[in-house]
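Listed below are the residues making up each chain.
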Amino acid sequence: MNPANTVSASRTNTLFLSPQDVAALIGRLGLPAALQGMAAYIRQDFLRWKSFDKAPRVASHSANGVIELMPIADASTYTFKYVNGHPKNTALGLSTVMAFGVLADVATGVPLLLSELTLTTALRTAATSAVAARALARPNSRVMALIGNGAQSEFQALAFHHLVDIEEIRLFDIDPQATAKLMRNLQANPDAAGLRLTACSSVREAVQGADIVTTITADKTNAAIITADMLEPGMHINGVGGDCPGKTEIHADVLRAAKVFVEFEPQTRMEGDLQHLPADFCVTELWQVLARKSSGRDNADQVTMFDSVGFAMEDFSALRYLYDHALQLGLGAPIALMAQLSDPKDLYQLIRPASAKLAHSNARAPITESV
């Protein structure tokens, strides 16, 4: 995609994708294909890591949650995501995570796309987890423990099933109804055919014998869901839920026992499970492994961990993916998000009184001579 090529045609119109539009896009493509495609976009952008203008997200914390802004740009495209995290929202009938995002043309500043990112965040997070696991977990990994069975759990399960060849998932959540919901959704989904699901009574039971452990819990607390005595040789930990200051899932001794990988180190040190540890604790950014500038897993018995907090580049990739495929499939609707001006130097024209508009129009009309 080259947004600059579309600006002359779209002028200041912006393509809007609602949650229903994104759901329709996924339905047209198929969820496995959408996860595969989004993972490919994410991997492609990781491989050109140095071309991005990067910064940690800007966060506004409150007693009940956090609201974040996640900007990033390369030479031609700028994106940002607005996203919240409020674990108590479900009691109010609201989602814990809600998000939207913008993709804009750098050359003009024109916003080309305004899209929902709540559903898309679940997709891109799962796709990123799979990209990391394919680089770091043992190639013959077939069993995963999934700790935290809330809104994003189905996407993680299906991404690991289709992109990492996981055949069995062992489930645990402190809320048994969440696990029951996850099992109902997957058992009724033909995309999960052949995926074995086992509900477990504890974290320890779920992780026993697992090749990969994914944690994706919502509580805004310094928790230690996975402890070092649960580790087994060759295990890969995919820590997704620890994603803001004061919110962790993995005990510090697990990180000390593992080779740890991150997305953007300055952000992960503030927000990830890495916040337990001193600033000189050694980590490797994932792009270096994907670009073969650093090694991933060193041997079959090594414990690896991806301390995933979610980074703006992944949303950049997701917005690129949505924009490209929405244009191809004819989805979404153009909206006049920006002012449409007959004279771009005259913003006042939008509120000029009707009588003044007539006078202004007459003053601008060409003068013709009678003969």
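Notes on a nonpolar patch on the surface
For step 1, the next point in the chain: Judged by side-chain polarity, Val 58, Ile 67, Leu 69, Tyr 82 and Phe 100 come together as a nonpolar surface patch covering roughly 400 Å² of accessible area.
For step 2, the next point in the chain: Position of Ile 67 relative to the elements: it lies in strand S3 (residues 66–73).
For step 3, the next point in the chain: A relative accessible area of 35% means that Ile 67 is categorised as partly exposed.

Re the sheet that holds strand S1 (residues 14–17)
For step 1, the next point in the chain: Strand order in the open sheet formed by seven strands is S2-S3-S4-S5-S6-S1-S17, and the pairing between neighbours is mixed. Two strands in the sheet have a free side with no partner beyond their single neighbour: strand S2 (58–61) and strand S17 (333–335). Taking each pair of neighbouring strands and ignoring which way they run, the sheet shows an average axis angle of 15°.
For step 2, the next point in the chain: Set on the sheet, helix H2 (residues 19–29) makes contact with S1 and strand S6 (111–116); between it and S1 the angle comes to about 80°.
For step 3, the next point in the chain: Its contacts with the sheet put helix H4 (residues 118–136) on S3, strand S4 (77–85), strand S5 (99–105) and S6, and the angle it makes with S6 is roughly 90°.

A look at the pattern of salt bridges
For step 1, the next point in the chain: Evaluated as defined, the whole model comprises 19 salt bridges.
For step 2, the next point in the chain: Across the salt bridge formed by Arg 48 and Asp 74, the nearest N and O atoms sit 3.0 Å from each other. In this pair, Arg 48 is assigned in the loop between helix H3 (31–46) and S2 and Asp 74 in the loop between S3 and S4, connecting sequence segments 26 residues apart.
For step 3, the next point in the chain: By relative accessible area, Asp 74 is classed as buried at 14%.
For step 4, the next point in the chain: Among the salt bridges present, the one from Lys 247 reaches Asp 243, with a minimum N-O distance of 3.4 Å.
For step 5, the next point in the chain: According to the relative accessible area criterion, Lys 247 is buried, its value standing at 7%.
For step 6, the next point in the chain: Salt bridges linked by common partners bring Asp 45, Arg 48, Asp 74 and Arg 320 together as one network.

What about the confidence of the model for the protein chain?
For step 1, the next point in the chain: Mean pLDDT for the protein chain: 93, with 93% of residues reaching 70 or above.
For step 2, the next point in the chain: Note that pLDDT drops below 50 for residues 3–10; the model gives that stretch twelve contacts with residues more than four away or on any other chain.

Remarks on the packing of helix H5 (residues 153–163) against helix H6 (residues 176–187)
For step 1, the next point in the chain: Close contact between H5 and H6 brings their axes to 10 Å; oriented N to C, the two are set at 45°. Taken together, the axes of H5 and H6 are oblique relative to one another. H5 and H6 meet at a crossing whose hand is right-handed. Together, Ser 153, Glu 154, Ala 157 and Leu 158 of H5 and Lys 181, Leu 182, Asn 185 and Leu 186 of H6 make up the contact between the two elements.

Some words on the sheet that holds strand S8 (residues 168–172)
For step 1, the next point in the chain: Read across the sheet, eight strands follow the order S9-S8-S7-S10-S12-S16-S14-S15 without closing on themselves; strand pairing throughout is parallel. Only two strands of the sheet have a single neighbouring strand rather than two, namely strand S9 (196–199) and strand S15 (284–285).
For step 2, the next point in the chain: Here four bridges tie strand S12 (residues 236–239) to strand S16 (residues 304–307), and the two strands are oriented parallel to one another. Paired with His 236 across the bridge in S16 is Thr 304.
For step 3, the next point in the chain: The strands touched by H4 within the sheet are strand S10 (212–215), S12, strand S14 (259–262) and S16, with S16 carrying the most contacts at an inclination of about 155°.
For step 4, the next point in the chain: Taken strand by strand, H5 contacts strand S7 (143–147), S8, S10 and S12, and its axis lies near 170° from that of S7.

So, the packing of H4 against helix H11 (residues 312–329)
Any two packed helices are characterised by how steeply their axes cross, that is the angle between the axes, and by the distance between the axes.
For step 1, the next point in the chain: Between H4 and H11, whose axes approach to 10 Å, the crossing angle comes to 115°. Here the hand of the crossing between H4 and H11 comes out right-handed. Here Thr 120, Thr 121, Arg 124 and Thr 128 of H4 come into contact with H11, specifically with Glu 314, Asp 315, Ala 318 and Leu 322.
For step 2, the next point in the chain: Residues belonging to the contact of H4 with H11 are distributed by class as follows: two nonpolar, three polar and three charged.

Observations concerning the pairing of S14
For step 1, the next point in the chain: Both faces of S14 are covered, namely the face carrying Lys 259 and Phe 261 and the face carrying Val 260 and Val 262.
For step 2, the next point in the chain: Relative to S16, S14 is paired through four bridges, and the arrangement is parallel. Bridge pairing in S16 places Val 262 opposite Asp 307.
For step 3, the next point in the chain: Both S14 and S15 contribute to a ladder of two bridges, which runs parallel. Across the sheet, the residue bridging to Phe 261 is Thr 284, located in S15.
For step 4, the next point in the chain: Chirality of the crossover, the property in question, places the unit of S14, helix H9 (residues 265–271) and S15 among those that are right-handed.

About the cut-offs
Residues numbered from 1 in each chain as written. Predicted model: local features only at pLDDT ≥ 70, side-chain atom pairs only at ≥ 80, totals over all residues. Heavy atoms only, no water. Patch = residues over 30% accessible without salt bridge, like charges linked within 9 Å, V, L, I, M, F, W, Y side chains within 5 Å. Areas by Shrake-Rupley, 256 points an atom, 1.4 Å probe, with all protein chains shown as cover. Salt bridge = Lys/Arg side-chain N within 4 Å of Asp/Glu carboxyl O. Helix = DSSP H or I, 4+ residues; strand = E, 2+ residues; numbered from the N terminus. Buried < 20%, exposed > 50% of the residue type's maximum accessible area, 1.4 Å probe, protein only. Pairing = 2+ DSSP bridges. Axes fitted to C-alpha atoms, helices over the stretch in contact; angles between N-to-C directions. Contact = heavy atoms within 4.5 Å. pLDDT = per-residue confidence, 0-100. Parallel < 35°, antiparallel > 145°, perpendicular 65-115°, else oblique. Left-handed = near helix turned anticlockwise from the far one by under 90°. Nonpolar A, V, L, I, M, F, W, Y, C, P; charged D, E, K, R; others polar. Right-handed = clockwise from strand over helix to strand, strands pointing away.

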